[in-house]
Amino acid sequence: LARGGVQWGDDMLGLLAEELKRRAKKLGMWDLDGDGVPRYCWECEMIKPDRSHHCSMCRLCVLRFDHHCPWINNCVGLHNHKFFMCFLFWSVCCAAVVAWYQHDRAWGCVSIGRLRIHCNMEVSVNYLFLISFGIAEGLLLLMHMVLAWKDMTTLELLESICLCMMGVRRG
């Protein structure tokens, strides 16, 4: 078995597994992989804490990793999930306020029964984009609120969906 460019024999892997078990027990961590060995991150070269995952973008292990968000250019995890949800909430509120104030301007060119000639098509298209963006962001906020209520992350939800599709039950 080759990990990180180093060739490991079965005896070395067994010793490594026993050492990982000893250290994980000392730390009070019980999250084990399928072989009964504490999870180990080969990129960070450390034992992975419970519910942590390695982010390939940030190149570090994140506790309660949810996802890497391109909007904030950071991982969403244990320590900043609340701020991410606040960001989503205020973005939806901002989109709603701007849409409210742009409504008359965007649809002011439409009269009852006939269409006025001097329509501002750019404002109408921007208004429709803003509404679409606000709805999509609102659905994302709703999904994260449900996940927070269930104490799950997006990654754990996707893993459970994949396991259900494969017919595997997780206890």
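Up top is the structure these notes are about.
Position numbers for residues count from 1 along each chain, tracking the sequence in the order it is written. Restriction of local features to residues with pLDDT of at least 70 applies here, the model being predicted, together with a cutoff of 80 or more for giving and counting side-chain atom pairs; totals for whole chains, interfaces and linings are based on all residues. The side-chain quantities take in all heavy atoms of the structure and omit both hydrogens and water.

Draft legend 1. Structural context of the overall build of the chain. The helix and strand labels rest on DSSP assignments: H or I over at least four residues marks a helix, E over at least two residues marks a strand, and numbering proceeds from the N terminus. Within the chain, the secondary structure is distributed over four helices and eight strands. Element order for the chain, N to C, with α for helix and β for strand: β-β-α-β-β-β-β-β-β-α-α-α. Within the chain, the fraction of its 171 residues that count as buried is 27%. Contact between two residues is taken to exist if any of their heavy atoms lie within 4.5 Å; hydrogens are not considered. Relative to all contacts within the chain whose residues are 6 or more apart in sequence, the contacts with residues 24 or more apart total 29%. Each residue is assigned to one of three classes by its accessible area relative to the maximum for its type, calculated with a 1.4 Å probe on protein chains only: buried under 20%, partly exposed between the two thresholds, exposed over 50%.

Draft legend 2. Fine view of unusual backbone geometry. Despite not being glycine, R64 has its phi angle at roughly 50 degrees, a positive value. Along the chain, the position of R64 falls in the loop between β6 (60-63) and β7 (67-69). Overall, R64 belongs to the buried group, its relative accessible area being 16%. Unlike most non-glycine residues, N73 shows phi in positive territory, near 50 degrees. On the basis of relative accessible area, N73 is assigned to the exposed category, the value being 62%.

Draft legend 3. Fine view of the environment of P70. Along the chain, P70 turns up in the loop between β7 and β8 (74-76). The class for P70 is exposed, based on a relative accessible area of 66%.

Draft legend 4. Layout of the pairing of strand β5 (residues 52-55). Relative to β6, β5 runs antiparallel, the two sharing four bridges. The residue bridging S52 from the neighbouring strand is L63, located in β6. With antiparallel pairing between neighbouring strands as the criterion, β5 and β6 make up a hairpin whose turn holds four residues, including R59 at a positive phi of roughly 60 degrees. Two strands are counted as paired when DSSP detects at least two bridges linking them.

Draft legend 5. View of the pattern of salt bridges. Note on definitions: salt bridges are taken to be side-chain nitrogens of Lys or Arg within 4 Å of carboxyl oxygens of Asp or Glu. Per the counting criterion, the structure on display carries three salt bridges. For R51, the salt bridge identified is with D151, shortest N-O distance 3.5 Å. Placement of R51 in the loop between β4 (46-47) and β5 and of D151 in the loop between α3 (121-149) and α4 (154-166) is noted, with a sequence separation of 100 residues between them. As a salt-bridge pair, R51 and E156 come within 2.8 Å of each other at their nearest N and O atoms. Within this pair, whereas R51 is found in the loop between β4 and β5, its partner E156 is found in helix α4, the two being separated by 105 residues in sequence.

Draft legend 6. A look at a nonpolar patch on the surface. Residues with no salt bridge and a relative accessible area higher than 30% make up the patches, which join like charges within 9 Å and nonpolar side chains (Val, Leu, Ile, Met, Phe, Trp, Tyr) within 5 Å. Surface accessibility in these figures is a Shrake-Rupley result with a 1.4 Å probe; residues are shielded only by whichever protein chains are displayed. A surface patch of nonpolar side chains, about 630 Å² in accessible area, is lined by I131, I135, L139, L142, V146 and W149. You can see I135 is positioned in helix α3.

Draft legend 7. Structural context of the packing of aromatic side chains. For Phe, Tyr and Trp, rings pair up if their centres lie within 6.5 Å, where Trp contributes its six-membered ring, and each pair is then called stacked (planes under 30 degrees apart), edge-to-face (over 60) or tilted (otherwise). For the structure shown, the criterion picks out four aromatic pairs. Centroid distance F129 to F133: 6.3 Å. Interplanar angle 20 degrees. Geometry classified as stacked. On the criterion of helical spacing, the pair formed by F129 and F133 is a turn pair, its members being four residues apart in helix α3. Residue F129 is classed as exposed on the basis of its relative accessible area, which comes to 59%. Through pairs of rings, three or more aromatic residues link up here, namely W71, F87, F129 and F133.

Draft legend 8. Examining the nonpolar core more closely. In terms of nonpolar packing, the biggest core is built from five residues, these being C69, V76, F84, L88 and L141. Other than its neighbours up to four places away in sequence, V76 contacts R64, F65, D66, H67, C69, H81 and F84. Throughout this description, the term nonpolar core refers to a set of buried Ala, Val, Leu, Ile, Met, Phe, Trp, Tyr and Cys residues connected via side-chain atoms within 4.5 Å.

Draft legend 9. Summary view of the side chain of N80. For N80, the location among the structural elements is in the loop between β8 and α2 (81-107). In the analysis that follows, any N or O atom pair within 3.5 Å is treated as a polar contact, provided that within protein one partner can donate a hydrogen and the other can accept it, and provided that, for residues neighboring in sequence, both atoms belong to side chains. Within the structure, N80 has its side chain in polar contact with the backbone oxygen of C75 (distance 2.8 Å). In this structure, N80 is in contact with N74 and C75, ignoring residues within four places of it in sequence.

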